[in-house]
Amino acid sequence: MYSILTRFLLLGLRPFSAVLASQSTAKIIASRDGTSIYADATGNPAKQSIVFVHGLALSGIVFDNFFANDRLRENYYLVRYDARGHGRSGKPSDAEAYASVHYAEDFLAVAHAFRLNKPVFVGWSLGSAIISDIVEHINPLPILGAVTFAGSPVLGPEILPKLISPSINDVLSAIFQDSNVTACMEGRIQFIDACFRDATQVPFDLKATYLGQTVVQPPTVALLSLQRTQDPTRLFAAGQAGTLRLQQIFGDADRIANNSAAVEFVKPHFNFLTVDTIPAGHAMFEDSPERTVDALTRFIRSLPRKR
Ligand SMILES: *[C@@H]1O[C@H](CO)[C@@H](O)[C@H](O)[C@H]1NC(C)=O
Ligand SMILES: *[C@@H]1O[C@H](CO)[C@@H](O)[C@H](O)[C@H]1NC(C)=O
């Protein structure tokens, strides 16, 4: 029989890296304006880091299944955070708190808290637009490359109406309105169903997890989170100079975003643009995780190494 002390020593003998790799570290970080940002990390801290941000009305929890992928955990340091106004992060109610610069500050606060050196940024859907915030406000460029999962790296009147599938407009209006509770709840259910290629095949507990995230966000905050003004001048300049390489990954059965419109919009501005279409819906990392890992891994391996 081992004594308590022996057991303690045996635990202490586990290789340090194995201990680190098996842990997930959660932090609540104060962004520059004081808004609290929830973030956590998993995977191998010695490897290239990737920062993931979820889409509208959701939270980093959407990456639970994706972050459990062995190939990702072994080869990358996986960090995710809840965007302001979402999930476990602060939800200010004033419009000014959702200005572009604050999204850049949130990213920087997370990068500092986890001591990341030139992570790759991956945004899903609305989360993709943070790419423009980062490039506009942070100099020198703090990311090695940028990836959109079914989104555009910048929002605005030029792309938003084309990007959102007409069939989903009413659903979004329902999510944003705060006078009819029945309509608001129905909208959230329809929105979550529309994230998947075939919602009838998705386990109820997964849909319930997604749905639960939408309930912690007031409808008015949901609307504020996609109304910021962005200036893509620096984003497009970096794209043209080749200092920023972009990958767009999307599902061929996406019912929320018109991804062809996003690609068409971005193409003239990026010298290095990689487009990967995989058999999936809007949440391609749930519908086709292995194909998503394949595409992401190919892109990250193609990036010039850090200086
Ligand atoms: C609220 O929304 C529901 C579902 O869309 C609709 O059937 C109902 O008529 C609405 N109620 C009011 C008062 O507008
Ligand atoms: C998607 O966008 C493309 C390019 O703007 C457009 O040609 C196409 O008609 C759109 N598809 C739908 C279903 O709206």
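Structure: see above.
Residues numbered from 1 in each chain as written. Chains lettered and ligands numbered in written order. Predicted model: local features only at pLDDT ≥ 70, side-chain atom pairs only at ≥ 80, totals over all residues. Heavy atoms only, no water.

S.K.: Lay out empty space enclosed by the protein with the relevant residues and their values.
M.R.: In this structure the tally under the stated criterion is three cavities of 30 Å³ or more. Of the volumes computed, that of the largest cavity is approximately 210 Å³. When its residues are assigned to classes, the lining of the largest cavity shows 13 nonpolar, four polar and no charged. Of the voids in this model, the second largest cavity is the one considered here, and its volume is about 60 Å³. Lining the second largest cavity we find Val 53, His 54, Gly 55, Leu 56, Ala 83, His 86, Tyr 103, Leu 126, Gly 127, Ile 130, Ser 225 and Arg 228. Tallied by class, residues from the lining of the second largest cavity come to six nonpolar, five polar and one charged. (1 Å grid on protein atoms, 1.4 Å probe; cavity = no way out; pocket = protein on both sides within 12 Å on 5 of 7 lines; lining within 4 Å. Points joined across faces, edges and corners; volume = space filled by probe spheres on them. Nonpolar A, V, L, I, M, F, W, Y, C, P; charged D, E, K, R; others polar.)

S.K.: Explain the site of ligand 1 to me, and be specific about the residues and the numbers.
M.R.: Near ligand 1 you find Asn 180, Ala 183 and Glu 186, and these make up its full shell. Contact between ligand 1 and Asn 180: an oxygen atom at 2.4 Å from a side-chain N or O atom of the residue. Relative to its unbound accessible area of 360 Å², ligand 1 is 29% covered by the protein chains. (Near = heavy atom within 4 Å. Polar contact = N/O pair within 3.5 Å; in protein donor to acceptor, adjacent residues only side chain to side chain. Areas by Shrake-Rupley, 256 points an atom, 1.4 Å probe, with all protein chains shown as cover.)

S.K.: Give a description of the sheet that holds strand β3 (residues 49-53) that names residues and reports values.
M.R.: Think of a sheet as strands paired side by side through backbone hydrogen bonds, with each pair either parallel or antiparallel. If you walk across this open sheet you meet the eight strands as β1-β2-β4-β3-β5-β6-β7-β8, and the pairing is mixed. In the strand order of this sheet, the two ends are held by β1 (25-30) and β8 (273-278), each with one partner. Mean inter-strand twist for the sheet, computed between neighbouring axes without regard to direction, equals 20°. Helix-sheet contacts for helix α15 (residues 289-302) involve β3, β5 (120-124), β6 (145-149), β7 (246-251) and β8, and the interaxial angle to β7 is about 170°. (Pairing = 2+ DSSP bridges. Helix = DSSP H or I, 4+ residues; strand = E, 2+ residues; numbered from the N terminus. Axes fitted to C-alpha atoms, helices over the stretch in contact; angles between N-to-C directions. Contact = heavy atoms within 4.5 Å.)

S.K.: Can you lay out the side chain of Arg 245 for me, pointing to particular residues and giving the numbers?
M.R.: Residue position: Arg 245 is located in the loop between α12 (233-241) and β7. Summary of buried charges: Arg 245 has no salt-bridge partner, and the nearest side chain of opposite charge, Asp 276, is 13 Å away. Once residues lying within four places of it in the same chain are set aside, the contact partners of Arg 245 are Gly 145, Ala 146, Phe 272, Phe 299, Ser 302, Leu 303 and Pro 304. (Buried < 20%, exposed > 50% of the residue type's maximum accessible area, 1.4 Å probe, protein only. Lys, Arg positive; Asp, Glu negative; His and termini not counted. Salt bridge = Lys/Arg side-chain N within 4 Å of Asp/Glu carboxyl O.)

S.K.: Give a description of the nonpolar core that names residues and reports values.
M.R.: Ranked by size, the top nonpolar core spans 97 residues in total, and within it Trp 124, Phe 149 and Leu 296 carry the most contacts. Dropping the residues within four chain positions of it, Phe 149 is found in contact with Phe 52, Phe 66, Val 122, Gly 123, Trp 124, Ser 125, Ser 128, Ile 249, Met 284, Phe 285, Thr 292 and Leu 296. (Core = buried A, V, L, I, M, F, W, Y, C linked by side-chain atoms within 4.5 Å.)

S.K.: Could you give an account of the side chain of Thr 42, with specific residues and numbers?
M.R.: Tracing the backbone shows Thr 42 in strand β2 (residues 36-43). Only 3.2 Å separates the side chain of Thr 42 from the side chain of Arg 73, close enough to count as a polar contact.

S.K.: Just give me the short version of the pairing of β1, but keep the residues and values in it.
M.R.: Sheet topology note: the β1/β2 ladder contains six bridges and is antiparallel. From the neighbouring strand, Thr 25 faces β2, where its bridge partner is Ala 41. Hairpin connection from β1 to β2: five residues lie between these consecutive antiparallel strands, with Gly 34 at a positive phi of about 95°.

S.K.: Kindly report on the packing of aromatic side chains, identifying the contributing residues and their values.
M.R.: Inspection of the entire model under this criterion finds 13 aromatic pairs. Geometrically, the ring pair formed by Phe 52 and Phe 63 is tilted, given 5.3 Å between the ring centres and 55° between the ring planes. A residue pair is termed long-range when its members are at least 10 positions apart, and Phe 52 in strand β3 and Phe 63 in the loop between β3 and α3 (64-67) qualify at eleven residues. Among the residues examined, Phe 52 registers a relative accessible area of 0% and is labelled buried. The class for Phe 63 is buried, based on a relative accessible area of 0%. Ring geometry for Phe 66 versus Phe 149: centroids 6.1 Å apart, planes at 80°, classification edge-to-face. Of the two residues, Phe 66 sits in helix α3 while Phe 149 sits in strand β6, which places them 83 residues apart along the sequence. Looking at Phe 149, the relative accessible area reads 0%, which means it is buried. An aromatic cluster is defined as three or more aromatic residues linked by ring pairs; in this entry it consists of Phe 52, Phe 63, Phe 66, Phe 67, Trp 124, Phe 149 and Phe 285. Taking NZ or CZ as reference, Arg 88 lies 3.8 Å from the ring centre of Tyr 38, over its face. The cationic tip of Arg 245 hangs over the ring face of Phe 272; the distance from NZ or CZ to the ring centre is 3.6 Å. (Phe/Tyr/Trp six-rings, centres within 6.5 Å; stacked < 30°, edge-to-face > 60°. Lys NZ or Arg CZ within 6 Å of the ring centre and 35° of its normal.)

S.K.: So what's going on with the site of ligand 2? Which residues, and what values?
M.R.: Close contacts around ligand 2 come from Asn 258, Ala 261 and Glu 264, and that covers them all. A distance of 2.4 Å is found between an oxygen atom of ligand 2 and a side-chain nitrogen or oxygen belonging to Asn 258. Calculation on ligand 2 without its partners gives an accessible area of 370 Å², and the protein chains cover 39% of this total.

S.K.: Describe unusual backbone geometry, with residues and values.
M.R.: Of note, the bond from Asn 139 into Pro 140 is cis; its omega dihedral lies within 30 degrees of zero at 0°. Mapped onto the elements, Pro 140 comes out in the loop between α6 (130-137) and β6. Here Ala 57, not a glycine, exhibits a phi torsion of approximately 70°, which is positive. In this fold, Ala 57 is placed in the loop between β3 and α3. One non-glycine residue, Ser 125, lies in the positive phi region at around 55°. Looking at where Ser 125 falls in the secondary structure, it is placed in the loop between β5 and α6.

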